[in-house]
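Okay, here's what each chain looks like letter by letter:
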Amino acid sequence: MNQECMGKLKVATREKLEKFNSLRGRDVQPGKFWDVVVLTSVDENQRDAYELQLKEKLERKELPLIDYKVISDPPGCKIGNGGSTLYTLQQLSDIYSNSLASMRVILIHAGGYSQRLPSASALGKIFAAVPLGDPLYQMLELKLAMYVDFPPHMNPGVLVTCADDIELYSVSQEEGVKFDRPGFTALAHPSPLSVGKTHGVFVLDKYGTCKLSEMENMPCLHFLHKPSLDRMRDSGAVFTSASGCFSLSDTEFVYTDSTYYLDFDTAQSLLRLLKQVGPLECEIDAYGDFLQALGPQATINYTCNTTNVTKEESGLVEVRQKIFHHLRGTPLNVILLNNSKFYHIGTTSEYLFHLTEDGALRSELGLQPSAFSVQSNENTQACIMYSVLSPGCTVGAGSVVEYSRLGGGVSVGRGSILSSCWASVDLVVPDGVFMHSLCVNLQGRTSFVTVAFGINDNLKRSMGIAASMEGLSLHGLSLVECLSHWGLDSEVLRFSGDISCCSLWNACLFPVCSDEQSSFALSLKMLQAVLGGSMLTLPKDIKLISMQESLQYKNLEEMLEFRKGLYHDITQGQCCN
């Protein structure tokens, strides 16, 4: 991307941020913003957590004063973001009745427990902090800011998006993104072929893409879901870069997906689809299962391809075929955002990279190394958000500290994440670790747990209980080795929940303590023993629980009270400066 293109992207992004900032904490005229913002949640507990945070954000005037709804998936089996889309449309229809026909809705898929970014597991990745703005932005504000120009140029309908990605784009003043066509209308971004392999790819009529403009509108022939390189080439999805503002450094590229809009009539059609396929007993994908049914070259073949399915349920193929037949013939329009960027921030490594190392995103969004914090750390290659750091603290390059309180002299290594932690004086946090404290209610008492993983540990990898001791790796060591450093036999390790799927997520490895500082200190000692090859004797009768159980027993009110204390101290500190 050349300098002219980057400059336009930066200016357009700043204009969107300024426009959104002017709406925060204010009533908005009809048609100028969304009529309702909808967040999905995986269950009622997560819904309660989201509603509590939305209430506090509105009280602090961090959001425009409009309707916000949180809609949880129905109890039972997982239904995927496609199932959530169908169920949410039904709930909105029940709530707003005929008024829905004139409303502009943004639907943000925010359900799930964020196993790849566990700092967002308890309170939600849509509420993950972003080092920007005053009051501090979270992903919710950033999503709304980047889409702030959409509602005034959108017919009644629903914009569907996800909680953990960012789309930046610029268009000329004469153009402007408009959602005014029937059917589905998807945003498309020029991306390297390597990105296309893990995203959706649009197959377009190449004869229509000859203008060197920042934006083009055109119909889509076919949608590919996570295709191979051969499939992209054979389908005619691959373009050759031409000179121009939006050209990539790669000589070849494809147009990949991010967000899509569906008009009100199509939303009504999806409600009729729900009656055909419900009640759902399998996971439906809002991208792969809906968009692959669209376009004149779509075929039913994809319905039997379960390569990208995490868990194949018996009724999946039948449901997919019903979706295909129902949606076949529905238009799929594509808006090519030729000067755009797509960022995914859904894993610990992505979170670290984009907030500390990615100079392009920092420049485009104006991200700060320190945002809404009291601290004197001078390392501009670190990121500190919503935290209070006492004098003498140091934070290593490539590390993120968020919603935390660090005592004097605390040292945080390079490439680590500390989230919602309270560290006592002079503690030393190693390089490349993830530490996150949670408040839990256990046996009628308020307690605290600090989970500690390696940044690159795979919390989702699962296996049978017999193989788990040697097959699962924590900080680069098998669980048997870790237990030996804590003076524990492998027989004492238990897994919570479904023990046929043993993983770091449900391995009971983390001590329950009476206060947050003790919790952090003890988990840090356990971590240091493993990394340093030393021995640690745990207190007698200490209870160990898993990340999964920590979420099951979480005390949301107490966790948010900790943040309120930080908020008070930070605002007082700002007043004194």
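Just so we're clear, the structure is a prediction, and the values are computed from it rather than from any experiment. (Residues numbered from 1 in each chain as written. Predicted model: local features only at pLDDT ≥ 70, side-chain atom pairs only at ≥ 80, totals over all residues. Heavy atoms only, no water.)

> How would you sum up the pattern of salt bridges? Please name residues and give values.
One pass over the structure, following the stated rule, counts 20 salt bridges. The partner of D164 in a salt bridge is K125, with the nearest N and O atoms 3.6 Å apart. Pair noted here: D164 is in the loop between β6 (157-162) and β7 (165-169) and K125 is in the loop between β3 (104-109) and β4 (129-130), with a separation of 39 residues, a long-range link. Accessibility expressed as a relative area gives 11% for D164, which makes it buried. Residues joined in a network through salt bridges with shared partners are R24, E56, K57, R60, E62, E141, E561 and K564. (Salt bridge = Lys/Arg side-chain N within 4 Å of Asp/Glu carboxyl O. Helix = DSSP H or I, 4+ residues; strand = E, 2+ residues; numbered from the N terminus. Buried < 20%, exposed > 50% of the residue type's maximum accessible area, 1.4 Å probe, protein only.)

> Kindly report on the sheet that holds strand β20 (residues 405-406), identifying the contributing residues and their values.
Pairing within the open sheet is parallel, and its three strands lie in the order β17-β20-β23. Of all the strands in the sheet, just β17 (388-389) and β23 (422-423) have a single pairing partner and so form its edges. Pairing geometry for β20 and β23, over two bridges, is parallel. Along β23, the bridge assignment pairs L406 with A423. (Pairing = 2+ DSSP bridges.)

> So, the environment of I570: which residues are in play, and what are the values?
Inspection of the secondary structure assignment puts I570 in helix α16 (residues 556-576). As for I570 and P118, which are separated by 452 residues in sequence, their C-alpha atoms are 25 Å apart. In contact with I570, other than residues within four places in its own chain, are F372, S373, V374, Y386, S387 and V388. (Contact = heavy atoms within 4.5 Å.)

> So what about the packing of aromatic side chains? Which residues, and what values?
Scanning the model with the defined rule gives 21 aromatic pairs in all. On the basis of an interplanar angle of 65° and a centroid distance of 6.2 Å, the ring pair of Y302 and F324 is categorised as edge-to-face. Placement of Y302 in the loop between α8 (288-291) and α9 (316-327) and of F324 in helix α9 is noted, with a sequence separation of 22 residues between them. Between F453 and F510, the ring centres sit 5.2 Å apart and the planes meet at 75°, which makes this aromatic pair edge-to-face. Of the two residues, F453 is situated in strand β26 (residues 445-454) and F510 in strand β29 (residues 510-513); the sequence distance between them amounts to 57 residues. On the basis of relative accessibility, which here comes to 1%, the residue F453 falls in the buried class. Members of the aromatic cluster, connected to one another through ring pairs, are Y147, F150, Y169, F179 and Y261. The lysine or arginine in question, R563, covers the ring of Y403, its NZ or CZ lying 3.5 Å from the ring centre. (Phe/Tyr/Trp six-rings, centres within 6.5 Å; stacked < 30°, edge-to-face > 60°. Lys NZ or Arg CZ within 6 Å of the ring centre and 35° of its normal.)

> Give me the lowdown on the sheet that holds strand β21 (residues 411-412), citing residues and values where you can.
In space, the three strands of this open sheet follow the order β18-β21-β24, with parallel pairing throughout. The two strands at the open ends of the sheet, each matched to only one other strand, are β18 (394-395) and β24 (428-429). Where β18 meets β21, two bridges bridge the pair, whose relative direction is parallel. Each bridged residue has a counterpart across the sheet, and for T394 the counterpart in β21 is S411.

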